[in-house]
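Here is how the chains run, residue by residue.
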Amino acid sequence: MLLKNTYNELIKILAKPRSYIGFIALTVLIGVILLAMKADGESFISFVTSSFEQTLSFNGLILNGNLIAFIILQMLIIHVPLLVALVTGDLVSGEAAMGTLRMMGTKPISRNSFLLSKFFAGAIYTFFLTVWLAFLSLIIGQYMFGTGDLIVLNSDGLVIIPENDIMWRYGLAFCLAYLSLLSIATMSICFSVFSDNSIGPIVSTMAVIILFTIIGSLDVPTFDHVQPFLITTHMASWRSLFEMPVPYDAIIYSILILVFHIVGFTALALWWFNKKDINT
Amino acid sequence: MSEVVVSVKNLKKSFKDFKALKDVSFSVYKNDVFGFLGPNGAGKSTSLRCMLSLIDSDDGQIEIFGKSLRKNRFDVLSNIGSIIEKPDFYKYLSAFKNLEIMARISGRQVSKSEIEDIIHFVGLKGREYSKFKTFSHGMKQRLGIAQALMHNPDLIILDEPTTGLDPQGIVDIRELILKLSKEQGKTVILSSHQLSEIEMIANRMVIINRGKSIIEGDVSELLNSSQMMVKFSCEEPERFCDVISNEFSNISEFNVTDSEIEFEINREDISEINAFMVHQKIKISGIEQKRKLEDYFIKMIQNED
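How each quantity is defined
Residues numbered from 1 in each chain as written. Chains lettered and ligands numbered in written order. Predicted model: local features only at pLDDT ≥ 70, side-chain atom pairs only at ≥ 80, totals over all residues. Helix = DSSP H or I, 4+ residues; strand = E, 2+ residues; numbered from the N terminus. Rg over C-alpha atoms; globule rule 2.2 N^0.38 Å. Contact = placed C-beta atoms within 7 Å. Nonpolar A, V, L, I, M, F, W, Y, C, P; charged D, E, K, R; others polar. Pairing = 2+ DSSP bridges. Axes fitted to C-alpha atoms, helices over the stretch in contact; angles between N-to-C directions. Domains from an automatic or database assignment. Parallel < 35°, antiparallel > 145°, perpendicular 65-115°, else oblique. Left-handed = near helix turned anticlockwise from the far one by under 90°. pLDDT = per-residue confidence, 0-100. Buried ≥ 20, exposed ≤ 12 C-beta atoms within 10 Å, placed from the backbone.

S.K.: Whenever I open this one, the overall build of chain A confuses me. Can you help?
M.R.: For chain A, the helix and strand inventory stands at 11 helices and two strands. For chain A, the α and β elements follow one another from N to C terminus as α-α-α-α-α-α-α-β-β-α-α-α-α. Taking 2.2 N^0.38 as the reference for a compact globule, 280 residues should give roughly 19 Å; the C-alpha atoms of chain A span a radius of gyration of 21 Å, in line with that estimate. Its C-alpha atoms put chain A at 70 × 40 × 25 Å along the principal axes. For chain A, contacts bridging at least 24 residues in sequence account for 80% of all contacts bridging at least 6.

Structure representation (structure tokens):
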């Protein structure tokens, strides 16, 4: 029954026009970035590298597909969750608002299976959105700008990663990005269970992301104890894969925090959904 | 007595401080078309929602097909088809896709040809690939009935299925319900706030009001009871009451308004009273009779208003 309803959920997601907004928005956003970089990327790069030119000499193709993918991922990782929430935040509350939750609730499917199938469908949707993000930023980026060594500027200075040492990092980076998006998807589905209108959970998810991002970026001692546990703090953990050496302990900690959020939100949603009266 | 299909005992449900169900009990037998009658807000939908596990009752027992709903939810719901309030489907999907989705989790194997058959049965042939959002209210209702029937359940629960339908649609739904009961041997629970509708199709009924079941039994027995409420119109109501009190000891309570006197009486006594008044030279200008249950139900609804 779980698999059958997951299939049902995928059919519903595919039939809803809003499911394509994320893909269209990513295509437009990344398309604009790629075109802008094609037109004016060299001056953008020289602005970054100019401060090092007195001590370093840069040779080869600096503005390449690998750097473009890094820039895009960095720019969009905070915004893509909003596109995910647009679909996942509506999965339960949208049905409550439409009245179909009442119809489905009378069918012989347990509430656990019903809700878990929504989580699985949301996870599959998020997966394809992440794959689309990877395809546009990395594959199209490499096609348009070629490949080469990746120069990354972080708090410790410049890190130069050889071309043959990059793809596995991107593979893991997109896996981490997927895990962060999955935690956002789970959070929005959880909010969706508590609501009977389709806009509330989407707006709530956006509000939480904005709030957590602000708390995470404020250098206030009061927030020091909170910051390590916020989803948004660990959404940037993919960047650690482009450090030398890779801080695996920090990455594993981020993975554990994200998984904890996924399990926590799922458990909370299941608990509430099982005791929820369907009155809509 | 035939097999009990649904047994509800002492059902209670509160929403915060509001007691929606205080004590609802009734039994539905195999092949019944069971009327679930009550004014708006009486607790009909809440009771039906409890029976379909949409909401959890605070107290009481629900047994369907001899099994506890709580312990056998899958088995019980696999054998029930229902429409609660209004049939809502995925508006961005076609009627056929909607039925496919419902069929997949109906608990029984439903083939595509069976879905086509049921679409034909409810008269939606030719519109099965139209999106739900393009359907009229009547077509939505028919699709709702299709999803309730497609997995061939033994018990069908319809919550006010004729609401909002045009006269022909109402007749069609009534005929369909009778057909399901008589030709296919289904048990049907039909909720309504219209006594006339229940009278036309149901063989048994329960009346609920303010969260309590008031009366349950055969529709014909309950509605054809010899107890009547009769309203006499005459020029001398006070004298009329005196004469009645002296001659008919079983009548003691009158409701007198202007030139009208209303009281409870056996059907066979009406002509006798009329003849007696003629003999007493009290001019009767009108006699209006209502069945006691009908009168009770109308008063119940008027109180709600």
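On we go from here.
S.K.: How should the interface of chain A and chain B be read in this particular structure?
M.R.: Many analyses report the size of an interface as the accessible area lost when the parts associate. Taken together, the contact pairs 21 residues of chain A with 22 residues of chain B. For the side of chain A that touches chain B, the elements supplying multiple residues, two or more each, are helix H1 (2-15) and helix H6 (100-105) of chain A. Of the residues contributing to the side of chain A that touches chain B, the split by class is eight nonpolar, seven polar and six charged.

S.K.: I'm lost on the sheet that holds strand E11 (residues 227-234) of chain B in this one. Help?
M.R.: In a beta sheet, neighbouring strands pair by backbone hydrogen bonds and run either parallel or antiparallel. Residue and element names in this part refer to chain B. Strand order across the open sheet formed by four strands is E12-E13-E11-E14, with antiparallel pairing between neighbours. The open sheet has two edge strands, strand E12 (255-257) and strand E14 (284-291), and neither has a second partner. Across the sheet, the mean angle separating the axes of adjacent strands is 25 degrees when strand polarity is ignored. Pairing between E11 and strand E13 (residues 260-266): seven bridges, direction antiparallel. Its bridge partner lying in E13, Phe232 is registered against Ile261. Along the sheet, helix H10 (residues 269-279) makes contact with E11, E13 and E14, crossing E14 at roughly 165 degrees.

S.K.: Would you mind showing me how to read the domain arrangement of chain B here?
M.R.: Looking at the assigned domains, one finds that chain B contains domain 1 (4-217) and domain 2 (227-304). Placing the centre of domain 1 of chain B and that of domain 2 of chain B at their C-alpha centroids yields a distance of 41 Å.

S.K.: In this structure, what is going on with the packing of helix H8 (residues 167-193) of chain A against helix H11 (residues 248-275) of chain A? I would like to understand it.
M.R.: All names here are of chain A. Where H8 meets H11, the closest approach of the two axes is 9 Å, and the angle between their N-to-C directions is 20 degrees. It follows from the interaxial angle that H8 and H11 lie roughly parallel. Relative to H11, the crossing made by H8 is left-handed. Across the interface between the two elements, Leu179, Ser180, Leu182, Ser183, Thr186, Met187, Ile189, Cys190 and Val193 from H8 touch Ile255, Leu258, His261, Ile262, Phe265, Thr266, Leu268, Ala269, Trp272 and Phe273 from H11. Looking at the contact of H8 with H11, its residues break down into 14 nonpolar, five polar and no charged.

S.K.: What is the right way to look at the confidence of the model for chain B in this model?
M.R.: As a note on interpretation, predicted positions should not be read in detail where pLDDT is low. In the predicted model, chain B carries a mean pLDDT of 86, and 96% of its residues have values of at least 70. The complex model carries a pTM of 0.84, and its ipTM stands at 0.83.

S.K.: So what exactly am I meant to see when it comes to the environment of Ser117(A) here?
M.R.: Residue and element names in this part refer to chain A. Relative to the helices and strands, Ser117 resides in helix H7 (residues 111-145). For Ser117 and Leu3, which are 114 residues apart along the polypeptide, the C-alpha to C-alpha distance reads 7.1 Å. Look past the residues within four positions of Ser117 in its chain and what remains in contact with it is Leu2, Asn5, Thr6 and Glu9.

S.K.: Hey, could you run me through helix H3 (residues 95-104) of chain B in this one?
M.R.: Since the α-helix packs 3.6 residues into each turn, any two residues three or four apart lie on the same face. Within H3(B), seven of the 10 residues are buried, which leaves it mostly tucked inside the rest of the structure. Within H3(B) the residues assigned to the buried category are Ala95(B), Lys97(B), Asn98(B), Leu99(B), Ile101(B), Met102(B) and Ala103(B). On its buried side, H3(B) packs onto H1 of chain A together with helix H4 (112-121) and helix H5 (137-149) of chain B.

S.K.: Before we go on, may I ask you to explain the pairing of strand E6 (residues 80-83) of chain B in this structure?
M.R.: Residues and elements named next belong to chain B. Going residue by residue along E6, you find Ile80 and Ser82 tucked away on one face and Gly81 and Ile83 tucked away on the opposite face as well. Alignment of E6 against strand E7 (residues 155-159), held across four bridges, turns out to be parallel. Across the sheet, the residue bridging to Ser82 is Ile157, located in E7.

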